[in-house]
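Spelled out from the first residue to the last, the chains are:
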Amino acid sequence: MPAVPPFDRPFDSPVRRFGLGTAAVGRPGYITLGRELDLPAERTVAALRERTHALLDSAYGAGVRYFDTARSYGRAEEFLGAWLAARPEAAADVVVGSKWGYTYTADWRTSGVPAHEVKEHSAAVFDRQIAETRDRLGAHLGVYLVHSVTPDSPALTDRALHARLATLAAEGVRVGLSTSGPGQAEALRAALRVTVGGRPLFGAVQATWNLLETSAAPALAEAYAAGWLVVVKEAMANGRLAGRNATGPDTAALRSVAARTGAAPDALALAAAAAQPWADLVLSGAAGPEQLASNLTAAELTPTPDDLAELAPLAESPDTYWRTRAALPWS
């Protein structure tokens, strides 16, 4: 697999351990708690394009060099592609990751839709969506992931699809998968075994890890040891670990360590993810520049072993965590 510059280990600055995800701003509806406080009152295409570009400007100015998007994030690929086209000096200096396998179906609505996105991991969907991604991101695509792979996904067994992904990898794109659900570790270990022509196919994973959901850690360590790019998503548990929401007894340890260290809870949650020895990149899902600035103070934090031990009891069982996440409202 080709390397993914400029993120070859080791990193040249702490902030480069963090990336910006665009799930929260590429479409009007998502499942982040407190979303109504984070976005413009009018969530028009123009308003969210402007917000996305402001976030990208802020992130790039702060030193962030990895930007994450997906076909199912509404118009996020389009917004990011337009930003890259308008800023060639930045475009030459960043890595863009996107994902395929979900189709956005909400038609720019936040409610009253049967499903906001529909998942299908078929070769036909890959063929359609890689063309759509190329149309919006051009040659900037550096990482392309099968979106939300679970242990039963055909993406783990479909040889025709594997051949297409191998062709994309041969063109210099690092191919991989994102994972979700209580079977993240099982799906990841199955992906580690996938080969094409006797060589490993996948070289990147984007997985959910946060202080509430730690179950994928051993499998992520295996992927890291195999040379994969390991990206952490949902490090703030869809807002459950943000300061305004971390108010219950289940997050008392987060508030305690934050108070003792003087760190904001959001930054501490992100720093805890970055402290994992297998984590290459940790994504911020900020919806505004001020939120992003707070998130990126995580780059200034180094949680001690004692801090991490105090935070460890926050972890829930995977079934509990994913059941709670599934119940979060789209808003």
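Small disclaimer: the values here were computed from a predicted structure and weren't measured. (Residues numbered from 1 in each chain as written. Predicted model: local features only at pLDDT ≥ 70, side-chain atom pairs only at ≥ 80, totals over all residues. Heavy atoms only, no water.)

**Side note on the overall build of the protein chain**
On a plain count of helices and strands, the protein chain comes out with 13 helices and twelve strands. Here the C-alpha atoms of the protein chain give a radius of gyration of 18 Å, agreeing with the 20 Å that 2.2 N^0.38 yields for 331 residues. Taking the principal axes of its C-alpha atoms as reference, the protein chain extends roughly 50 × 45 × 40 Å. Expressed as a percentage of its 331 residues, the buried residues of the protein chain come to 56%. When contacts within the protein chain are restricted to residue pairs at least 6 apart in sequence, long-range pairs at least 24 apart make up 80% of them. Accessible surface, the protein chain: about 12900 Å² in total, of which carbon and sulfur atoms supply 55%. Averaging the positions of the 31 positive and the 35 negative side-chain charges in the protein chain gives two centres separated by 3 Å. (Helix = DSSP H or I, 4+ residues; strand = E, 2+ residues; numbered from the N terminus. Rg over C-alpha atoms; globule rule 2.2 N^0.38 Å. Buried < 20%, exposed > 50% of the residue type's maximum accessible area, 1.4 Å probe, protein only. Contact = heavy atoms within 4.5 Å. Areas by Shrake-Rupley, 256 points an atom, 1.4 Å probe, with all protein chains shown as cover. Lys, Arg positive; Asp, Glu negative; His and termini not counted. Charge placed at Lys NZ, Arg CZ, Asp CG, Glu CD.)

**Points about the environment of P151**
Inspection of the secondary structure assignment puts P151 in the loop between β6 (141-149) and α6 (159-170). Classification of P151 as partly exposed rests on a relative accessible area of 34%. With 157 residues separating them along the chain, P151 and L308 place their C-alpha atoms 30 Å apart. For P151, the residues in contact, after removing those within four places along its chain, are L156, G183, E186 and A187.

**A closer look at the packing of helix α10 (residues 265-274) against helix α11 (residues 289-296)**
Taken N-terminus to C-terminus, the directions of α10 and α11 make an angle of 50°; their axes are 7 Å apart at the nearest point. When the axes of α10 and α11 are compared, the pair comes out oblique. Considering the relative orientation of α10 and α11, their crossing is right-handed. Counted together, D266, A267 and L270 of α10 and Q291, S294 and N295 of α11 form the full contact between these two elements. Broken down by class, the residue content of the contact of α10 with α11 amounts to two nonpolar, three polar and one charged. (Axes fitted to C-alpha atoms, helices over the stretch in contact; angles between N-to-C directions. Parallel < 35°, antiparallel > 145°, perpendicular 65-115°, else oblique. Left-handed = near helix turned anticlockwise from the far one by under 90°. Nonpolar A, V, L, I, M, F, W, Y, C, P; charged D, E, K, R; others polar.)

**Structural notes on the confidence of the model for the protein chain**
Of all residues in the protein chain, 97% attain a pLDDT of 70 or more, and the chain-wide mean is 95. pLDDT under 50 marks residues 1-6. Its contacts with residues more than four places away, or in other chains, come to 19 contacts. (pLDDT = per-residue confidence, 0-100.)

**Considering the pairing of strand β12 (residues 281-284)**
Of the two faces of β12, the one holding L281 and L283 and the one holding V282 and S284 are both buried throughout. Pairing geometry for strand β1 (residues 18-21) and β12, over three bridges, is parallel. Counterpart to L20 in the pairing with β12 is S284. Where strand β11 (residues 229-233) lies against β12, two bridges are found, and the strand directions are parallel. Along β12, the bridge assignment pairs V231 with L281. (Pairing = 2+ DSSP bridges.)

**Quick word on the pairing of β11**
Taking burial as the measure, the five residues of β11 include five buried ones, the bulk of the element. Taking every second residue as pointing to the same face, both faces of β11 are buried, with L229, V231 and K233 on one and V230 and V232 on the other. Here five bridges tie strand β10 (residues 204-208) to β11, and the two strands are oriented parallel to one another. Following the sheet pairing, V205 is matched in β11 by V230. Since β10 and β11 lie parallel, the crossover through helix α8 (residues 217-225) that links them has a hand, and here it is right-handed. (Right-handed = clockwise from strand over helix to strand, strands pointing away.)

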